Amino acid sequence: MRSTEMTHRLARPEELDALRALMGASISELQKDFLDERQIASSRAIMGLDTQLIEDGTYFVVEAGGQLAGCGGWSRRATLYGSDQTPGRSAALLDPKRDAARVRAMYTHPDHARRGIGRMILGLCEAAARSEGFGTVELMATMAGEPLYRACGYVPIERIEDDRGGAPVPLLRMRKSL
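The structure reproduced in this document is the subject of the present report. Not measured: the values here are computed from a predicted model.

Moving on to the packing of aromatic side chains. Counted under the stated rule, the structure contains two aromatic pairs. Centre to centre, the rings of Trp74 and Phe134 are 6.1 Å apart; their planes meet at 75°, and the pair counts as edge-to-face. Of this pair, Trp74 sits in strand S3 (residues 67-75) while Phe134 sits in the loop between helix H4 (117-131) and strand S5 (136-141), and the two are 60 residues apart along the sequence. Judged by its relative accessible area of 2%, Trp74 falls in the buried class. Between Tyr149 and Tyr154 the ring centres are 6.0 Å apart and the planes differ by 65°, which places this aromatic pair in the edge-to-face class. Accessibility expressed as a relative area gives 8% for Tyr149, which makes it buried.

Below is the structure:
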């Protein structure tokens with residue numbers, strides 16, 4: 001199989017529908033080995049696109065062969081995970097001297113899974129957070145994402161279940177020193 005060149009750039013506001021479609025496909029397909037149907041439906045309610053990341057210029061897309069293949073970003077704001085509709089969000093700015101930057105909303109289209117897209121986006125996020133003075137990053141991992149994050153040096157700090165979408169979804173808060 002021929003390798004497809006991957007490129008990355010910042011996400012643009014006019015791509016919201018395409019990003020949401022990619023996220024939906026990712027949640028539906030890549031969580032199947034880890035969650036039941038009720039948990040996948042619940043995941044759609046508690047995960048998704050936080051447009052604040054696009055407004056802040058901290059959300060990346062990866063294209064492969066001219067197609068949207070993955071997306072993810074980082075944040076200097078307090079919210080750890082969730083979409084525009086998730087309750088409990090906070091736009092408060094973090095202090096790089098004492099707080100961990102957040103890695104947020106990492107998704108790979110199922111047609112492009114296991115090709116290094118997640119690792120590429122993590123590297124972009126970590127470099128950007130480091131350049132703004134952050135010494136650590138945190139994220140809330142799905143069970144499908146946990147192996148990648150462990151392989152990239154993230155360590156578990158807290159297991160939770162989020163049932164705000166109707167069924168309990170297991171998640172793992174993880175941290176990495178930069």
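What follows deals with the nonpolar core. Looking at soluble globular proteins, one finds that nonpolar side chains tend to be buried together. Ranked by internal contacts, the top residues of the largest apolar core, which has 26 residues, are Trp74, Val103, Leu122, Leu139, Tyr149, Tyr154 and Met174. Secondary-structure elements contributing two or more residues to this core are strand S2 (59-64), S3, strand S4 (101-108), H4, S5 and strand S7 (169-177). It is H4 that contributes the most residues to this core, seven residues altogether. Other than its neighbours up to four places away in sequence, Met174 contacts Val137, Glu138, Leu139, Ala141, Glu146, Tyr149, Arg150, Tyr154, Val155, Pro156 and Ile157. In this structure, Leu22, Met47, Leu68 and Cys71 belong to the second largest nonpolar core, which totals 23 residues.

Moving on to the pairing of S3. Burial of S3 is extensive: eight of the nine residues sit out of reach of the surface. The hairpin formed by S2 and S3 contains two residues between the paired strands, and Gly65 there has a positive phi angle of roughly 60°. Sheet analysis places S3 next to S4, joined by five bridges and oriented antiparallel. Considered in S4, the bridge of Gly70 is made with Thr108.

Thresholds applied
- Every chain begins its residue count from 1, and numbering advances along the sequence as written.
- Only residues with pLDDT of at least 70 get local features here, since the model is predicted, and only at 80 or more are side-chain atom pairs given and counted; chain-wide, interface and lining totals rely on the full set of residues.
- The basis for every side-chain value is the complete set of non-hydrogen atoms in the structure, without hydrogens or water.
- Any pair of Phe, Tyr and Trp rings, taking the six-membered ring for Trp, is counted once the centres come within 6.5 Å. Such a pair is stacked with planes under 30 degrees apart, edge-to-face with planes over 60 apart, and tilted for the rest.
- In this description a helix means any DSSP run of H or I spanning at least four residues, a strand means any run of E spanning at least two, and both kinds are numbered starting from the N terminus.
- Only protein chains enter the accessibility calculation, which uses a 1.4 Å probe. A residue is then buried if its area is under 20% of the maximum for its type, exposed if over 50%, and partly exposed in between.
- By nonpolar core is meant a set of buried Ala, Val, Leu, Ile, Met, Phe, Trp, Tyr and Cys residues that side-chain atoms within 4.5 Å join together.
- It only takes one pair of heavy atoms within 4.5 Å for two residues to be counted as in contact.
- At least two DSSP bridges between two strands are required for those strands to pair.

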